[in-house]
Amino acid sequence: NNRPCALVVKKGSFSSYQLQNTTSLEFPMLREDAIKIVIDNMASEDIVVSTTGVASRELFEYREALGHGHERDFLTVGGMGHASQIALGIALHKPDRQVYCFDGDGAALMHMGAMAINASVACSNFTHIIFNNGAHDSVGGQPTVAHQIDIPAIADAVGYAEVLQVKTADEIHEAMLSLKNVPGPSLLEIKVKKGFRKDLGRPTKTPIENKTDLMSFI
């Protein structure tokens, strides 16, 4: 009919679907555990911009567990692929604060041009962290091509000042310490296992509350 339409389906209407392609490389850590180590190695005044989906939910729950509050994190709800550009904008306007982007491999691949912009601006307080599990984990676990390409090589080619790749807890600790001592823009790829906790909660703050809290923090 050449008109907009909507199909509304109740939750639970469809049976579960088994992915045809379930190939997954078994790295030592889940993303949630890697996020915890990264947070533990950050200063209290540092700012985080986190990609949409499960990564932000895991970040929110760890802040809850620590009793930190959520004002230092911006959760990019519904903005897949745009987290690094938001983080870069904040870093440019707050040069005395360290700004970290928590990105996913699927989100980073969606807007790869952002990596070239991040590098070309040469913002020394910007760190881009990509948690790479080779899958669109938040929407069903469909595979990406992130394990078939060399993300650190791409980052190096477009001009990031420092590029690191890690996969173990000790390597994450060492990388975070190293990145504090070199000017950015930096990129850290953390290779993690696919999957997340089934009892993982959702943020209890609205996007508007999240925005205003971060504005007050910075």
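Residues numbered from 1 in each chain as written. Predicted model: local features only at pLDDT ≥ 70, side-chain atom pairs only at ≥ 80, totals over all residues. Heavy atoms only, no water.

Asks: Got a sec to walk through the packing of helix 3 (residues 83-93) against helix 5 (residues 113-121)? Specific residues and values, please.
Replies: The geometry of helix 3 relative to helix 5 is characterised by a closest axis approach of 10 Å and an angle of 15 degrees between their N-to-C directions. Here helix 3 lies roughly parallel to helix 5, going by the angle between them. Relative to helix 5, the crossing made by helix 3 is left-handed. In this structure, helix 3 contributes S84, Q85, L88 and L92 to the contact, and helix 5 contributes A114, I117, N118 and V121. In the contact of helix 3 with helix 5, the residues fall into five nonpolar, three polar and no charged. (Axes fitted to C-alpha atoms, helices over the stretch in contact; angles between N-to-C directions. Helix = DSSP H or I, 4+ residues; strand = E, 2+ residues; numbered from the N terminus. Parallel < 35°, antiparallel > 145°, perpendicular 65-115°, else oblique. Left-handed = near helix turned anticlockwise from the far one by under 90°. Contact = heavy atoms within 4.5 Å. Nonpolar A, V, L, I, M, F, W, Y, C, P; charged D, E, K, R; others polar.)

Asks: Describe a nonpolar patch on the surface, and please don't skip the residues or the numbers.
Replies: The grouping of L7, V9 and F14 at the surface amounts to a nonpolar patch, some 390 Å² of accessible area in total. Note on L7: relative accessible area 80%, which makes it exposed. (Patch = residues over 30% accessible without salt bridge, like charges linked within 9 Å, V, L, I, M, F, W, Y side chains within 5 Å. Areas by Shrake-Rupley, 256 points an atom, 1.4 Å probe, with all protein chains shown as cover. Salt bridge = Lys/Arg side-chain N within 4 Å of Asp/Glu carboxyl O. Buried < 20%, exposed > 50% of the residue type's maximum accessible area, 1.4 Å probe, protein only.)

Asks: So what's going on with the sheet that holds strand 8 (residues 186-191)? Which residues, and what values?
Replies: An order of 2-1-3-4-8-7 is seen for the six strands of this open sheet, with the pairing classed as parallel. Looking at the sheet topology across the chains shown, the edges are occupied by strand 2 (73-75) and strand 7 (162-166). Between one strand axis and the next, the sheet turns through 15 degrees on average, direction left out of account. Direction of pairing for strand 1 (residues 47-50) relative to strand 2: parallel, over a ladder of three bridges. (Pairing = 2+ DSSP bridges.)

Asks: So what about the environment of K36? Which residues, and what values?
Replies: Along the chain, K36 falls in helix 1 (residues 31-40). For the pair K36 and N2, spaced 34 residues apart in the sequence, the C-alpha separation amounts to 49 Å.

Asks: Please set out unusual backbone geometry residue by residue, giving values where relevant.
Replies: Along the chain, G184 connects to P185 via a cis peptide bond; the corresponding omega equals 5 degrees. Looking at the element boundaries, P185 is found in the loop between helix 7 (169-180) and strand 8. Residue A122 is not a glycine yet carries a positive backbone phi of 60 degrees. Among the residues examined, A122 registers a relative accessible area of 52% and is labelled exposed.

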